[in-house]
Amino acid sequence: MAAIRTFSLDEVAKHNKPDDCWVVVDGKVYDVTKFLDKHPGGRKILLKHVGTDATKAWMNFHNPIILETVGRKLQIGIVGDSSAEPAAAAAAPSDRPTVDADLLEGPFGDLIPYTDPSWYQEFRSPYYKDSHRRLRAYMRAFVDKELMPYCHEWDEAKQIPREVYLKAGRAGILQAVCGKLAPEYNNVPMPGDVDPAEWDVFHEFIVADELSRTGSGGVVWGLTGGLGIGLPPVLAFGSKYLKEKVVRACFAGEKNICLCVTEPHAGSDVANLKTEAKLTPDGKHFILNGEKKWITNGAFADYFTVACRTGGEGMGGISLLLVERTMPGVKTRRIDCSGVWASGTGYITFEDVKVPVENVIGQVNKGFKSIMYNFNHERLGIVIQATRFSRVCFEEAIKHANRRRTFGKKLIQHDVIRHKLANMAARIESVHAWMESLMFQAQHMSEQEQMLRLGGPIALCKAASTQMFEFCAREAAQIFGGLAYSRGGQAEKVERLYREVRAYAIPGGSEEIMLDLGIRQSLKVAQVLGAKL
Ligand code: HEM
């Protein structure tokens, strides 16, 4: 890589004409000569600032991410002493970020209150140790470099480039989102080089939480959505043959898997699903017929973990089959949704698909239990994402409120705006603390105890988190005003998240079902444990 050139502000000042113009933003020098006519804000406003350090004016109109995307192509150097030695060439890029020792101690992040979990700002916490701090720094470096600058582009394109899956695979991230580890199938060390023996619920939390800083459900689900729910049944109940077939390739980002439960006529009512698989007379295949709808990653997945009816009515007649895209009779199409565009939400039809009996995941007619097995993990994942997305709304809004001036003062100086921020922060911190407590329970309870005792509270927490997300997206959009009504630009994340709220409040158990289950299940368990009603 070429050495970075340094220029003094005096040198920059000489480049101030339309046919030769440079500008400084945030210590970097940009040659905007060829960009003048392409500047979305207009040619004249940019010309007024050429030859100067325009950082202050720039901050009023742009989302900082622009410097990473558009700006990267225009940058010619940095501001400094041009008589000094050229700065050293940057090290060769790697998919596995290195973590500096100084990031393992002390505060971490931007230090703006409530924009990160409180342990980032040195609030005491019983949950985190050195390996969590290392992972946090590792994930942040990966997300800031490889994902954050491109979310808008990928969302608009409605897909994430394959190379990004491979990068996430090489960084070890894809093997870290399935609830349980399967180190025998890992291609690379865990992210942050955390020892698999040390890996706990809070490590997985950090991976999901930091990924969610992208403020893009489309990117988070595009990369990990299908994997985090489609692969766990294979890992927990699949034969060695099935695991060998799919796990390594999914961890590497070479292949994608998705979970196919929901149908056009059956969402949360899983026990009544209609897709059916009939055994052939020779007992070697199932013939699969049916339709699945709103399947995350379904539009592009290679493997489909399909819930289907192999027996009688109700939950006792359901099995899970691993279906492959290459099998004749599998068709997918993308569904146009209001949000999570990059995640490939799909409509899938199975027409007389011949599936070998070796592809049954677990036991025939015992599939319902396998589906339920991962529900707590899936719902906690939604809580983690909805909570971080709420923080992103808060973060974007508080930063904007400190920049934008109206009626002669900054937005943050209006108490109506501070009230909005206060209500957002109070909800975020409450749900976050509850979520951490539930994760701690998950860590210390046996699987059986988790199934029994955590189903109710996790369901309630899911509903609380998506209601909070809806509130925060709305309030942040109001603080941004018109900027949150157009796509891209300064309110890019807020506008996108506002459209993604329903993608969190409905799947994985709708808000209504969660609230009902939260009380019913907790009461049932409490009665068994001796509650005096
Ligand atoms: C490296 C130099 C610059 C680059 C790469 C750049 C890039 C951009 C981009 C990509 C947008 C569209 C953002 C959006 O969709 O909201 C934009 C808008 C704009 N830019 Fe720049 N810009 C630069 C310098 C400047 C400077 C020095 C000014 C002077 C104040 C300026 C003023 C504006 C304005 C007023 C808008 C319209 C904002 C809006 O739609 O609300 N830009 N710029």
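Residues numbered from 1 in each chain as written. Predicted model: local features only at pLDDT ≥ 70, side-chain atom pairs only at ≥ 80, totals over all residues.

**Focus on the site of the ligand**
Next, step 1: Lining the immediate surroundings of the ligand are 22 residues, of which Pro40, Gly41, Ala57, Phe61 and Gly489 lie closest.
Next, step 2: Mapped by element, the contributors of at least two residues to the shell around the ligand are strand 3 (20-25), helix 2 (43-47), helix 3 (55-61) and helix 4 (70-74).
Next, step 3: Here the shell around the ligand is composed, by residue class, of 14 nonpolar, 8 polar and no charged. (Near = placed C-beta within 6 Å. Helix = DSSP H or I, 4+ residues; strand = E, 2+ residues; numbered from the N terminus. Nonpolar A, V, L, I, M, F, W, Y, C, P; charged D, E, K, R; others polar.)

**Topic: the confidence of the model for the protein chain**
Next, step 1: Chain-level pLDDT for the protein chain is 94 on average; 97% of the residues reach the 70-or-more range.
Next, step 2: Interface confidence for the predicted complex, given as ipTM, is 0.94, next to a pTM of 0.89. (pLDDT = per-residue confidence, 0-100.)

**What about the UniProt feature "domain: Cytochrome b5 heme-binding" (unreviewed entry) in the protein chain?**
Next, step 1: Residues annotated by UniProt as "domain: Cytochrome b5 heme-binding" (unreviewed entry) correspond here to residues 4-80.
Next, step 2: Secondary structure over residues 4-80 splits into 29% helix and 26% strand, and the C-alpha atoms at its two ends are 11 Å apart. (UniProt positions renumbered as here; feature names shortened; annotations may be inferred.)

**Focus: unusual backbone geometry**
Next, step 1: Of note in this structure, tyrosine 114 is not a glycine but carries a positive phi near 70°.
Next, step 2: Positionally, tyrosine 114 belongs in the loop between strand 5 (75-79) and helix 5 (130-147).
Next, step 3: Taking the C-beta count within 10 Å as the criterion, tyrosine 114 has 20 such neighbours and is therefore assigned buried.
Next, step 4: Within the chain, asparagine 297 stands out as a residue other than glycine whose phi angle is a positive 70°.
Next, step 5: On the secondary structure map, asparagine 297 appears in the loop between strand 8 (285-295) and strand 9 (303-309).
Next, step 6: The class for asparagine 297 is buried, based on 27 C-beta atoms found within 10 Å. (Buried ≥ 20, exposed ≤ 12 C-beta atoms within 10 Å, placed from the backbone.)

**What about the nonpolar core?**
Next, step 1: Grouped together as the largest cluster of nonpolar side chains are 120 residues, with contacts concentrated most on Leu288, Leu321, Cys393, Phe394, Ala473, Ala476 and Val494.
Next, step 2: Looking at this core, the element that brings in the most residues is helix 16 (residues 455-480), giving 13 residues.
Next, step 3: Apart from the residues within four sequence positions on either side, alanine 476 is in contact with Cys393, Phe394, Glu396, Ala397 and Val494.
Next, step 4: Counting 13 residues, the second largest nonpolar core, distinct from the first, contains Val29, Tyr30, Val32 and Val50. (Core = buried A, V, L, I, M, F, W, Y, C linked by C-beta atoms within 7 Å. Contact = placed C-beta atoms within 7 Å.)

**Observations concerning the pairing of strand 4 (residues 28-31)**
Next, step 1: Where strand 3 and strand 4 come together, 4 bridges link them in antiparallel fashion. Along strand 4, the bridge assignment pairs valine 25 with lysine 28.
Next, step 2: Between the antiparallel neighbours strand 3 and strand 4 lie 2 residues, among them aspartate 26 with a positive phi of about 55°.
Next, step 3: Of the strand pairs in this sheet, strand 4 and strand 5 are connected by 3 bridges, and their pairing is antiparallel. What sits directly across from lysine 28, in strand 5, is isoleucine 78. (Pairing = 2+ DSSP bridges.)

**Looking at the domain arrangement of the protein chain**
Next, step 1: On domain assignment, one finds that the protein chain holds domain 1 (5-79), domain 2 (101-252), domain 3 (257-371) and domain 4 (374-528).
Next, step 2: Distance from the C-alpha centre of domain 1 to the C-alpha centre of domain 3: 53 Å. (Domains from an automatic or database assignment.)

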